[in-house]
Amino acid sequence: MSTTSPIGVGVIGLGFMGATHIRAYAAAHAAGFNCPLVGVCDQATERLTGRVVTSGNIATGTSEQLFDPAQVRATSNLDELLGDPKVQLVSICTHTESHVDTAIRALSAGKHVLVEKPIAVAPADVERLALAARAAAGRGLVCMPAMCIRFWPGWSWVKDRMVDGSLGRLKSAVFQRLGTPPAWSPQFYRDNERTGGALVDLHIHDADFVYHLFGRPDAVTSAGTLDHVTTLYHFGGASAPAHVVAEGAWDHTPGFSFRMRFIVVFERGTADYDLGRTPQLLLCRDGKQETIALEAGAGYDFQVREVVSAIREKRAARATIDEALEVSRVLDAERRSLRESARITLP
């Protein structure tokens, strides 16, 4: 059991992602990170009972008791939650259009923040939070975007191999994230003006991971639609990868199984990941396939451990709102490329 003082957690929004965050904090707390859930907030009072039916890309259809309302402050009043001194860190899991204003309110109330992706559809709105997050950092507050793929076992392995150079230079990377239209909050997800479509809400994971690996691309070329996009990322320099592609879609018909995959080619090996396969990660080299052992858990688990660790260690998190702003600008260029059927250079 951890001997450190608790970091009390509040979760705002108890839909699919709010439930996912609660499970991740519970697992982290059980592992000794001492981050108990102390408060929740949702406008739908029926969710304040703590019982939910799971829906989502990875697991659906099960009912569970997420929290005990006798032990956790459960309110539909955001000011009540943000005014609770037991709440030190909040996860913002509401609809996209409310992320920025809710995060700014939480920072103003002196809370650390983990805010779901996308931060906003428009870069100008992400920039508002980036400015607030920089100011809050001066007061010792952490504000982290929930870019869970950076922390997903197998994906973080690719970043580690880039850093240590053990497989040589990365030459090619192809990412694929394909699904059906979200079954949760269908009215919200059918409105591309509010979500940005699969381009912004789903494909953002791979755009962020490309940025995480290589930095901002010089240009992008995208084809398809907001709900099914394929983008080629262009990078300059002798050491830059020659081939980086990501496909993201949620336009498949019901019954299609969610796909999350990559093939990354290094000079001395090819990494092949498929979420729906056992083993998930294979390394092909020297004429053989090796199984790469991965740590149990999902990116959601490791991202909440990262934000809790950053708070404890009084440091910046390994994903920042400034980086989220850069990724939103990349996505904006991809959107423009779709609209104009052209290669778009980033400024």
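The structure reproduced in this document is the subject of the present report.

Reading guide: rules and limits
- Residues numbered from 1 in each chain as written.
- Predicted model: local features only at pLDDT ≥ 70, side-chain atom pairs only at ≥ 80, totals over all residues.
- Heavy atoms only, no water.
- Axes fitted to C-alpha atoms, helices over the stretch in contact; angles between N-to-C directions.
- Helix = DSSP H or I, 4+ residues; strand = E, 2+ residues; numbered from the N terminus.
- Parallel < 35°, antiparallel > 145°, perpendicular 65-115°, else oblique.
- Left-handed = near helix turned anticlockwise from the far one by under 90°.
- Contact = heavy atoms within 4.5 Å.
- Nonpolar A, V, L, I, M, F, W, Y, C, P; charged D, E, K, R; others polar.
- Pairing = 2+ DSSP bridges.
- Expected span 1.5 Å × (residues − 1).
- Buried < 20%, exposed > 50% of the residue type's maximum accessible area, 1.4 Å probe, protein only.
- Arc of directions from axis to C-beta.

## Section: the packing of helix H1 (residues 16–33) against helix H10 (residues 299–313)
Step number 1: Here H1 crosses H10 at 60°, and the two axes come no closer than 8 Å. The orientation of H1 with respect to H10, classified from their angle, is oblique. At the point where H1 passes H10, the crossing takes the right-handed sense. Of the residues in H10, those in contact with Met17, Thr20, His21, Ala24, Tyr25, Ala27, Ala28, Ala31 and Phe33 of H1 are Tyr300, Asp301, Gln303, Val304, Arg305, Val307, Val308, Ser309 and Arg312.
Step number 2: Tallied by class, the residues present in the contact of H1 with H10 amount to 11 nonpolar, 4 polar and 3 charged.

## Examining the packing of helix H5 (residues 155–164) against helix H9 (residues 204–214)
Step number 1: Where H5 contacts H9, the axes come no closer than 10 Å and their chain directions differ by 20°. When the axis of H5 is compared with that of H9, the two are roughly parallel. The two elements H5 and H9 meet at a crossing, and its hand is right-handed. Across from Trp155, Val158, Lys159 and Met162 in H5, the residues of H9 making contact are Asp206, Phe209, His212, Leu213 and Phe214.

## What about the sheet that holds strand S2 (residues 37–41)?
Step number 1: In space, the 6 strands of this open sheet follow the order S5-S2-S1-S6-S7-S8, with parallel pairing throughout. Across the chains shown, the open sheet's two edge strands, defined by having one partner strand only, are strand S5 (73–75) and strand S8 (143–146). Strand-to-strand twist across the sheet, computed as the mean angle between neighbouring axes with direction ignored, equals 15°.
Step number 2: In this structure, strand S1 (residues 9–12) lies alongside S2, joined through 4 bridges in parallel fashion. When the bridges of S2 are listed, Gly10 appears paired with Gly39.
Step number 3: Most of the contacts of H10 go to strand S7 (residues 112–116), to which it runs at about 160°, and overall it touches strand S6 (89–92), S7 and S8.

## Considering helix H4 (residues 123–137)
Step number 1: Compared with the 21 Å implied by 1.5 Å per residue over 15 residues, the 21 Å span of H4 between its first and last C-alpha is a close match.
Step number 2: Taken as a whole, H4 has its buried residues at Pro123, Val126, Leu129, Ala130, Ala133 and Ala136. Buried residues of H4, viewed axially, fall in a sector of 130°; they line one side.
Step number 3: Turning to H4, the residues buried within the fold contact helix H3 (99–108), S7, S8 and helix H11 (321–340).

## Observations concerning the pairing of S1
Step number 1: Of the two faces of S1, the one lined by Val9 and Val11 and the one lined by Gly10 and Ile12 are each fully buried.
Step number 2: For S1 and S6, the ladder comprises 4 bridges, and the chain directions are parallel. Residue pairing in the sheet places Val9 in a bridge with Leu89 of S6.

## Concerning unusual backbone geometry
Step number 1: Cis peptide bonds are those with omega within 30 degrees of zero, and the linkage from Lys117 to Pro118 qualifies with -15°.
Step number 2: By the element assignment, Pro118 lies in the loop between S7 and H4.
Step number 3: In this model, Thr278 is joined to Pro279 through a cis peptide bond whose omega is 0°.
Step number 4: Among the structural elements, Pro279 can be located in the loop between strand S14 (269–274) and strand S15 (281–285).
Step number 5: A positive phi angle is found at Asn34, which is not glycine, with a value near 50°.
Step number 6: With respect to the helices and strands, Asn34 occurs in the loop between H1 and S2.
Step number 7: With a phi angle near 50°, Ser341 is a residue other than glycine that sits in the positive phi range.
Step number 8: On the secondary structure map, Ser341 appears in the loop between H11 and strand S17 (344–345).

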